[in-house]
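Reading the structure
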Amino acid sequence: MIGLGLCALLTATSGLPGAETTPAAERAVRRVRFAEAAVFDVVGGGSHARAWAAAVSGGYPWLGARGQVGVGPRALTVGADLEMARFRRFRPAAVLALRWVDRKRLRVTGELLLGWLIQTGELARRGPNAELRIRMAFPTGRVAPYVMLGTSHTLLTDRTTVITAAGTSRDLSFRHEWLPRATIGLAVAITREVGLELGVDLAWYDAPSKTPSIPGFHLGLAFGGGAR
């Protein structure tokens with residue numbers, strides 16, 4: 001009787017959900033485990049409350065660094081973003097992001113960046129900058145294809161000095177620079193805290209008056225922590 005009872009108990013236990021070891025069950029566990037990976041927060045935008053993420057990237061012509069932390073519901077996020085092009089164009093900015101769609105296999109986030117543009121060299125430029133971005137990521141297990149669409153606007157200040165026999169006059173004028181842009185890439189979660197991402201960058205300086213710029217690329221390292 002005792003032996004029959006033990007056999008029945010073992011048979012019942014083997015049917016519990018936690019005892020499943022099928023490939024489908026293992027894939028489901030991986031999807032849940034990496035759904036909140038830090039690299040997905042970076043490319044998909046936004047972080048849940050008390051979670052943080054950061055990234056550094058290098059490529060041509062763009063270099064960048066970014067840090068963000070979740071502060072509220074719907075992955076409300078604040079952060080800082082530094083962008084450089086050929087070490088001649090710099091744009092530090094503050095970031096405010098809100099996740100519009102938050103699912104395991106789809107993230108859609110809107111971002112507002114407010115900063116200051118500084119460009120050195122022969123075509124020196126400087127002025128306040130604002131950029132709107134939409135980020136979309138499609139996590140599946142350890143990988144997430146992603147797309148970023150952005151429109152950047154800078155108010156540039158031109159100072160003209162005219163020296164004549166009668167004296168010196170100075171003129172101050174303003175003009176608008178529009179930079180539409182897009183990035184298409186792939187993120188890979190090594191662990192939940194560390195990941196890599198590779199992207200192709202498309203930009204159009206001084207649109208629509210000039211021709212679109214040559215596509216660039218970048219490789220980034222992302223890491224994070226907090227409440228994941």
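Residues numbered from 1 in each chain as written. Predicted model: local features only at pLDDT ≥ 70, side-chain atom pairs only at ≥ 80, totals over all residues. Heavy atoms only, no water.

This brings us to the nonpolar core. When a protein is soluble and globular, its nonpolar side chains tend to lie buried together. Judged by nonpolar contacts, the single largest core of 15 residues is most densely connected at Val-39, Phe-40, Ala-187 and Ala-189. Mapped onto this core, the elements with two or more residues apiece are helix 3 (38-44), strand 1 (51-60), strand 7 (143-164) and strand 8 (167-189). Among the elements that line this core, the one with the most residues is helix 3, at 5 residues. (Core = buried A, V, L, I, M, F, W, Y, C linked by side-chain atoms within 4.5 Å. Buried < 20%, exposed > 50% of the residue type's maximum accessible area, 1.4 Å probe, protein only. Helix = DSSP H or I, 4+ residues; strand = E, 2+ residues; numbered from the N terminus.)

All right, on to the pairing of strand 3 (residues 76-85) then. Strand direction decides the pairing type here: strand 2 (residues 62-72) and strand 3, joined by 10 bridges, are antiparallel. Looking at the pairing, Trp-62 lines up with Ala-85 of strand 3. Joining the antiparallel neighbours strand 2 and strand 3 is a turn of 3 residues, in which Arg-74 adopts a positive phi near 55 degrees. By the bridge criterion, 9 bridges tie strand 3 to strand 4 (residues 89-102) in an arrangement that is antiparallel. Note on strand 4: the bridge partner recorded for Ala-80 is Ala-94. Taking the residues between adjacent antiparallel strands as the criterion, strand 3 and strand 4 are bridged by 3 residues, where Arg-86 takes a positive phi near 55 degrees. (Pairing = 2+ DSSP bridges.)

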